[in-house]
Amino acid sequence: MGSEKTHIKFEEAVAFVNNYSKPIPADLLLKLYAYYKIAKKNFDNPGSKTPLINAFKANALIQAKNISRKQAMKEYVELVETSLKKDF
């Protein structure tokens, strides 16, 4: 997948998730969170007011830290297509 095509598919997947109305399992949300943060090059500390949620988010980022920005976009799209869009 070309870089521009990857970026477009990623942005479409992000829009899909943002408009998704059903509950998303926590483990899937954490993976999406980590891939999104890497894809956007946003490595700020998690901003939740709940320390436990921040710890889970930080752990998800640590687990995904060795992937490239492009790979993070691809992984995000793949997760959305296989886990969320399968119901449509």
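Not measured: the values here are computed from a predicted model.

Chemist: What is the right way to look at the packing of aromatic side chains in this model?
Modeler: One pair of aromatic rings is described through two measures. These are the centre distance and the angle between the planes. One pass over the full model with this rule turns up 4 aromatic pairs. For the ring pair F10 and Y76, a centre distance of 5.1 Å and an interplane angle of 70° mean the geometry is edge-to-face. Linking F10 in helix α1 (residues 3–18) with Y76 in helix α4 (residues 69–84), this pair joins segments that are 66 residues apart in sequence. Here F10 and Y76 have matching classes, each one buried. Relative to Y20, the ring of F16 has its centre 5.6 Å away and its plane inclined at 50°; by these criteria the two rings are tilted. Neither F16 nor Y20 differs from the other in exposure class; each is buried. Each residue in the set F10, Y36 and Y76 is aromatic and connected to the rest through ring pairs, giving one cluster. Of note, K85 hangs over the ring of F16, and the distance from its end group to the ring centre comes to 5.2 Å.

Chemist: Please explain helix α2 (residues 26–39) as it appears in this structure.
Modeler: In an α-helix, one full turn covers 3.6 residues, which means residues spaced three or four apart are oriented alike. The first and last C-alpha atoms of α2 sit 20 Å apart over 14 residues, in line with the 20 Å expected at 1.5 Å per residue. Along α2, the residues that are buried comprise L28, L32, Y33, A34, Y35, K37, I38 and A39. In this structure, the buried residues of α2 make contact with α1, α3 (51–63) and α4. In the stretch just after α2, K41 is the one whose phi turns positive, near 55°.

Analysis parameters
Residues numbered from 1 in each chain as written. Predicted model: local features only at pLDDT ≥ 70, side-chain atom pairs only at ≥ 80, totals over all residues. Heavy atoms only, no water. Phe/Tyr/Trp six-rings, centres within 6.5 Å; stacked < 30°, edge-to-face > 60°. Helix = DSSP H or I, 4+ residues; strand = E, 2+ residues; numbered from the N terminus. Buried < 20%, exposed > 50% of the residue type's maximum accessible area, 1.4 Å probe, protein only. Lys NZ or Arg CZ within 6 Å of the ring centre and 35° of its normal. Expected span 1.5 Å × (residues − 1). Contact = heavy atoms within 4.5 Å.

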